[in-house]
Every structure is written in structure tokens, then in C-alpha cells.
Amino acid sequence: MTAHRDETGTVGPAVALLEQDMAFLLRGLESLYRRRKYPVERAQYLLMLQLRDGPRASGDLAVGLRLDHSTVTRQIAALERLGYLIRTPHPEDGRSALLELSALGLLRCSEMQAMRRRGLSKLLCGWTDQEVTAFAGLVARFNDAVCRAEVIPYDDEVQRAPDIQRTSDPS
């Protein structure tokens, strides 16, 4: 038994409240996202974050982003058209390429990150550093649960998937 389920598996009031708040949160975040004029789309930004630390193969990006390869390929093509990516031959596999951010791509990624951080800072004004740190820890823990749920689908029993490593800087 856990604090959010009784011995019969019935979801408790805390989970019911959280479900409703999550629905409003997602709607609110989408609304904020649509009103902001970000330099790149969210999906492109996530891909760019994967490339900040150096070149990667498209298949590695797909795994890191938990997306199918065709989706990542379309995002790569869009970023290449914008001049944000450089494609170089893979040194170990001549049939594939490594992708890395161009100088312009690094600039746009940094601009996007700065804009997002400023927006978060405004939303969190009035919070103490301790509250923000605690919230960041809880969000990271929830993201890990979401990642595990993608690996092992939920059924009536709560399952624990193997630990999944974060592939991007949570800061």
C-alpha cells in the first residue's frame, strides 16, 4: 500500500487532485508556449539540447529523445534547412553521419534556453531557493516516472522499470 493507493488499488484523493491540476498545468504551459516568440520549436530545442555536448548519430538522438527514427529525421531536416546543424561522415560507419550544432545552432539553442529560464524565473517569483530546488527535484522524479512508464506500460499493477539515465542537462 502507498499513500496514494489503498490496499484495493483505488486511487486516493491526492492523485485525483493531482490529475486535475496536471490537466490545468499542461493547458497553461501550452498557452504560454503559443504566446511566446521562441527562436526554435520545442521539439527542435530538445534535439538541439542533445547535441550541445557534441556530435551524435541520428539513431542515438532517437533513443535519447524516446522518438521513432522517422520523427527525428524530419526534425533534423528542418534544423539543417535553418542552418543549425552540420552533418559529418561517421568515422566508424561510412554509411551514416554524425550531427552537430553549427555556431548558429548553438546560438539559437542558448537564446531559447535563456528565454525559457527567464520565463520560469518570472513564474517562480516569490518562491524561495529552497522551494524551487524542492520543486525541481519533484519534477525530475516525476519525469523519471514518465520515462519508466514509456518503457513498461502501466497495467493494474504498479511496475518499476529499470533506471533510465537523463540525457540532457536538467538545469
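Residues numbered from 1 in each chain as written. Predicted model: local features only at pLDDT ≥ 70, side-chain atom pairs only at ≥ 80, totals over all residues. Heavy atoms only, no water.

Asker: Go over helix α5 (residues 103–123), please, and point to the residues and values.
Answerer: Every α-helical turn comprises 3.6 residues, leaving residues that sit three or four positions apart pointing alike. Between its first and last C-alpha, α5 extends 30 Å over 21 residues, near the 30 Å set by a 1.5 Å rise per residue. Of all the positions in α5, only G105, C109, M112, Q113 and G119 are classed as buried. Axial view of α5: buried residues confined to an arc of 125°, hence all on one face. In α5, the exposed positions angled more than 90 degrees off the buried face are occupied by A103 and K122. (Helix = DSSP H or I, 4+ residues; strand = E, 2+ residues; numbered from the N terminus. Expected span 1.5 Å × (residues − 1). Buried < 20%, exposed > 50% of the residue type's maximum accessible area, 1.4 Å probe, protein only. Arc of directions from axis to C-beta.)

Asker: Would you mind going over the pairing of strand β3 (residues 97–101) in detail, with residue names and values included?
Answerer: Among the five residues in β3, four count as buried, and that is most of the element. Strand direction decides the pairing type here: strand β1 (residues 56–57) and β3, joined by two bridges, are antiparallel. In the sheet register, R56 faces β3, and the bridge partner there is L99. Bridging between strand β2 (residues 85–89) and β3 involves five bridges; their strand directions are antiparallel. Counted as the bridge partner of T88 is L98 from β3. (Pairing = 2+ DSSP bridges.)

Asker: Residue-level account of the sheet that holds β1, with values.
Answerer: Across the sheet, three strands lie side by side as β1-β3-β2; this open sheet has antiparallel pairing. Single-partner strands in this sheet number two, and they are β1 and β2. Seen against the sheet, helix α2 (residues 42–51) touches β1, β2 and β3 and runs at an angle of roughly 105° to β3. Seen against the sheet, helix α4 (residues 69–81) touches β2 and β3 and runs at an angle of roughly 110° to β2. (Contact = heavy atoms within 4.5 Å. Axes fitted to C-alpha atoms, helices over the stretch in contact; angles between N-to-C directions.)

Asker: Pulling in residues and values, what's your account of the pattern of salt bridges?
Answerer: A pair can form between side chains of opposite charge whenever their charged atoms are brought close. Throughout the structure, instances matching the rule amount to five salt bridges. Its salt-bridge partner being E30, residue R34 comes within 4.0 Å of it at the nearest N-O pair. A residue pair is termed a helical-turn pair when its members lie 3 or 4 positions apart in one helix, as R34 and E30 do in helix α1 (residues 13–35) at four residues. Taking the shortest distance from any N to any O, the salt bridge between R42 and E30 comes out at 3.0 Å. Of the two residues, R42 sits in helix α2 while E30 sits in helix α1, which places them twelve residues apart along the sequence. A relative accessible area of 33% places R42 in the partly exposed class. With relative accessibility at 32%, the residue E30 sits in the partly exposed group. Each of E30, R34 and R42 takes part in salt bridges that share partners, so that together they form one network. (Salt bridge = Lys/Arg side-chain N within 4 Å of Asp/Glu carboxyl O.)

Asker: Can you lay out a nonpolar patch on the surface for me, pointing to particular residues and giving the numbers?
Answerer: Where nonpolar side chains cluster on the molecular surface, the patch consists of L25, L26 and L29 and spans about 270 Å² of accessible area. In this structure, L26 sits in helix α1. For L26, a relative accessible area of 51% corresponds to the exposed category. (Patch = residues over 30% accessible without salt bridge, like charges linked within 9 Å, V, L, I, M, F, W, Y side chains within 5 Å. Areas by Shrake-Rupley, 256 points an atom, 1.4 Å probe, with all protein chains shown as cover.)

Asker: Would you mind going over the nonpolar core in detail, with residue names and values included?
Answerer: L47, M48, L51, L61 and I76 are the most contacted members of the largest nonpolar core, which has 20 residues in total. Elements supplying a minimum of two residues to this core: α2, α3 (58–65), α4, β3 and α5. (Core = buried A, V, L, I, M, F, W, Y, C linked by side-chain atoms within 4.5 Å.)

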